[in-house]
Amino acid sequence: MDQKPRILAFAGSARSQSLNKMVLSVAALGARRAGAEVTQVDLGDFPIPIYDGDLEAGQGIPENALRLRELMLGHQGFLIASPEYNGSIAPLLKNVIDWVSRPVNGQDGLAPYKNKVVVLMSASPGGFGGLRALPHLRTILSSIGSIVLPDQIAVPKAHEAFAPDGSMLNAKQQASVEGLGATLAITLAKLHGQPLVDDSVERRHDLSRIR
């Protein structure tokens, strides 16, 4: 099989200058360099109302939620960057998870999440880097069938972490965030029997984790 591992990347923020979108892009770069095919989407391009059972019963599932569902079904793993709102995940991200989990035409509502391999990250101007949101998101995704890898990164003082071109000013931090994406790509390649573009990526990644 010569198909690359397929990863969907998104941040739980619609803000144009979102720090979580920035850290997500660095992780996505690492996944691409490790041989994965990465589709990076902006949830702001998929506006959907707050989940309401009466709305679903009366009007059905919103078109944008169905679009996101199809994207999730079409990818083997997710890179997710989650902002921290009052110690938990952003309402935008939770709303997307909830709408996409609804059954469609008799299909299991949780099909987009089951057995998907997920890597989490966060970024924040604060000293914890959004870390307190990640256990909540890990619990949610694990409870609906996703395999959430233990590797994660929270970037503190993220408003000071990026250069104008989107790279990280600290080279070690850049390598660590890229490594998250590489971890997901390597894991998916092993699980699905898919080749990496260059198997030396895996060797370099393994060595970097030993140091």
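Heads up: the structure comes first, above all this text.
Structural notes, computed from the coordinates. (Residues numbered from 1 in each chain as written. Predicted model: local features only at pLDDT ≥ 70, side-chain atom pairs only at ≥ 80, totals over all residues. Heavy atoms only, no water.)

1. A look at the overall build of the chain
Thought 1: Summing up its helical and strand segments, the chain has seven helices and seven strands in all.
Thought 2: When its helices and strands are written in sequence order, the chain yields β-α-β-α-α-β-β-β-α-β-α-β-α-α.
Thought 3: For the chain, the C-alpha radius of gyration of 17 Å lies close to 17 Å, the compact-globule estimate for 211 residues.
Thought 4: Counting only C-alpha atoms and orienting by the principal axes, one finds that the chain spans roughly 55 × 45 × 30 Å.
Thought 5: Out of the 211 residues in the chain, the part that is buried amounts to 50%.
Thought 6: For the chain, contacts bridging at least 24 residues in sequence account for 76% of all contacts bridging at least 6.
Thought 7: Charge centroids of the chain, computed over 21 positive and 20 negative side chains, lie 6 Å from each other. (Helix = DSSP H or I, 4+ residues; strand = E, 2+ residues; numbered from the N terminus. Rg over C-alpha atoms; globule rule 2.2 N^0.38 Å. Buried < 20%, exposed > 50% of the residue type's maximum accessible area, 1.4 Å probe, protein only. Contact = heavy atoms within 4.5 Å. Lys, Arg positive; Asp, Glu negative; His and termini not counted. Charge placed at Lys NZ, Arg CZ, Asp CG, Glu CD.)

2. Here's the deal with the pattern of salt bridges
Thought 1: Going through the model one piece at a time under the given rule, you end up with six salt bridges.
Thought 2: The partner of Arg-102 in a salt bridge is Glu-56, with the nearest N and O atoms 3.0 Å apart. Highlighted residues: Arg-102 in the loop between α4 (91-100) and β6 (117-123) and Glu-56 in helix α2 (residues 53-59), separated in sequence by 46 residues.
Thought 3: Across the pair Glu-84 and Arg-132 runs a salt bridge, and its minimum N-O distance is 2.7 Å. With a gap of 48 residues between them, Glu-84 in strand β4 (residues 84-85) and Arg-132 in the loop between β6 and α5 (133-143) connect regions that are remote in the sequence. (Salt bridge = Lys/Arg side-chain N within 4 Å of Asp/Glu carboxyl O.)

3. Describing the sheet that holds strand β7 (residues 147-155)
Thought 1: If you trace the five strands from one edge of the open sheet to the other, you get β2-β1-β3-β6-β7, paired in parallel fashion. Strands with a single pairing partner mark the edges of an open sheet, and in this sheet they are β2 (37-40) and β7. On average, adjacent strands in this sheet sit at an angle of 20° to one another, irrespective of strand direction.
Thought 2: For strand β1 (residues 6-11) and β2, the ladder comprises four bridges, and the chain directions are parallel. (Pairing = 2+ DSSP bridges. Axes fitted to C-alpha atoms, helices over the stretch in contact; angles between N-to-C directions.)

4. Quick word on α5
Thought 1: When α5 is considered as a whole, its buried residues turn out to be Ala-133, Leu-134, Leu-137, Ile-140 and Leu-141. Summarising the axial view, the buried residues of α5 lie within an arc of 125°, below the 170-degree limit, and thus occupy one face. Facing away from the buried surface of α5 by more than 90 degrees, the exposed residues are Thr-139 and Ser-143.
Thought 2: Among the structural elements, β3 (77-81), β4, β5 (88-89), α4, β6 and β7 are those in contact with the buried residues of α5.
Thought 3: Gly-145, located one to two residues past α5, shows a positive phi value of around 105°. (Arc of directions from axis to C-beta.)

5. What to know about the pairing of β6
Thought 1: Counting buried positions along β6 yields seven of seven residues, so the element is predominantly enclosed.
Thought 2: Side chains Val-117, Val-119, Met-121 and Ala-123 project from β6 onto one buried face, and the interleaved Val-118, Leu-120 and Ser-122 project onto a second face that is buried too.
Thought 3: Looking at chain direction, β3 and β6 are connected through five bridges and run parallel. Of the residues in β6, the one forming a bridge with Ala-81 is Met-121.
Thought 4: Note that β6 and β7 share six bridges and pair parallel. The residue bridging Ser-122 from the neighbouring strand is Ala-154, located in β7.
Thought 5: Between the parallel elements β6 and β7, the chain passes through α5 in a crossover that is right-handed. (Right-handed = clockwise from strand over helix to strand, strands pointing away.)

6. Section: the packing of aromatic side chains
Thought 1: If you walk through the whole model with that rule in mind, you get two aromatic pairs.
Thought 2: Both rings, one in Tyr-51 and one in Trp-99, keep their centres 4.8 Å apart while their planes meet at 75°; by these two values the pair is edge-to-face. With Tyr-51 in the loop between β2 and α2 and Trp-99 in helix α4, this residue pair connects regions lying 48 residues apart in the sequence.
Thought 3: Of the residues examined, Trp-99 reaches a relative accessible area of 0% and is grouped as buried. (Phe/Tyr/Trp six-rings, centres within 6.5 Å; stacked < 30°, edge-to-face > 60°.)

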